[in-house]
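# Remarks on the overall topology
Chain by chain, the residues run as shown.
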Amino acid sequence: MNDRLSYEEKKELPDSVFGLPERREYPMPDVAHVRAAEAYFRYCPEDLKPKLAKAILARAQEFGVDVESPTVREYAGM
């Protein structure tokens, strides 16, 4: 699976598939990118982690993916 998007591909994505839409960071258009967002969660600024965690869990649920990171689940308030 490829979790890399080209600049052009990323530019075409709607804001709704980003974990942080206002910054257009952490794109999650598919399962591979949900997993990548989970893996790169630790690089998210501390104040944005709760928002990103909730977005990861929401997108994971849409794709039927289990989020394995206890850190992501904790920040999402689960």
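Note that the structure is a prediction, hence the values are computed from the model and not measured.

Cut-offs applied
- Residues numbered from 1 in each chain as written.
- Predicted model: local features only at pLDDT ≥ 70, side-chain atom pairs only at ≥ 80, totals over all residues.
- Heavy atoms only, no water.
- Helix = DSSP H or I, 4+ residues; strand = E, 2+ residues; numbered from the N terminus.
- Rg over C-alpha atoms; globule rule 2.2 N^0.38 Å.
- Buried < 20%, exposed > 50% of the residue type's maximum accessible area, 1.4 Å probe, protein only.
- Contact = heavy atoms within 4.5 Å.
- Areas by Shrake-Rupley, 256 points an atom, 1.4 Å probe, with all protein chains shown as cover.
- Lys, Arg positive; Asp, Glu negative; His and termini not counted.
- Charge placed at Lys NZ, Arg CZ, Asp CG, Glu CD.
- Axes fitted to C-alpha atoms, helices over the stretch in contact; angles between N-to-C directions.
- Parallel < 35°, antiparallel > 145°, perpendicular 65-115°, else oblique.
- Left-handed = near helix turned anticlockwise from the far one by under 90°.
- Nonpolar A, V, L, I, M, F, W, Y, C, P; charged D, E, K, R; others polar.
- Phe/Tyr/Trp six-rings, centres within 6.5 Å; stacked < 30°, edge-to-face > 60°.

## Considering the overall build of the chain
Scanning the chain from terminus to terminus reveals four helices and two strands. In sequence order, the secondary structure elements of the chain are arranged as α-β-β-α-α-α. Here the C-alpha radius of gyration of the chain, 12 Å, is about what a compact globule of 78 residues would show, namely 12 Å. Seen through its principal axes, the chain has C-alpha atoms that stretch 35 × 25 × 20 Å. For the chain, the residues scored as buried account for 38% of the 78 residues in total. Taking the contacts inside the chain whose residues are at least 6 apart along the sequence as the reference set, 48% of them involve residues at least 24 apart. If you sum the accessible surface of the chain, you get close to 5,000 Å²; carbon and sulfur atoms cover 50% of it. Taking the 12 positively charged and 15 negatively charged side chains of the chain as two groups, their mean positions are separated by 2 Å.

## Some words on the packing of helix H2 (residues 31-39) against helix H3 (residues 49-63)
One way to put it is that H2 packs onto H3 with a least axis distance of 10 Å and a crossing angle of 155°. One finds that H2 runs roughly antiparallel with respect to H3. The handedness of the crossing between H2 and H3 comes out as left-handed. Contacts between H2 and H3 involve Val31, Val34, Ala37 and Glu38 from the first element and Ile56, Arg59, Ala60 and Phe63 from the second. Taken together, the residues that form the contact of H2 with H3 break down as six nonpolar, no polar and two charged.

## Things to note about the packing of aromatic side chains
The geometry of an aromatic ring pair is captured by two quantities: the separation of the ring centres and the angle between the planes. Going through the model one piece at a time under the given rule, you end up with two aromatic pairs. Ring geometry for Tyr40 versus Tyr43: centroids 6.2 Å apart, planes at 35°, classification tilted. Of the residues examined, Tyr40 reaches a relative accessible area of 38% and is grouped as partly exposed. Here Tyr43 falls in the exposed class, since its relative accessible area comes to 55%.

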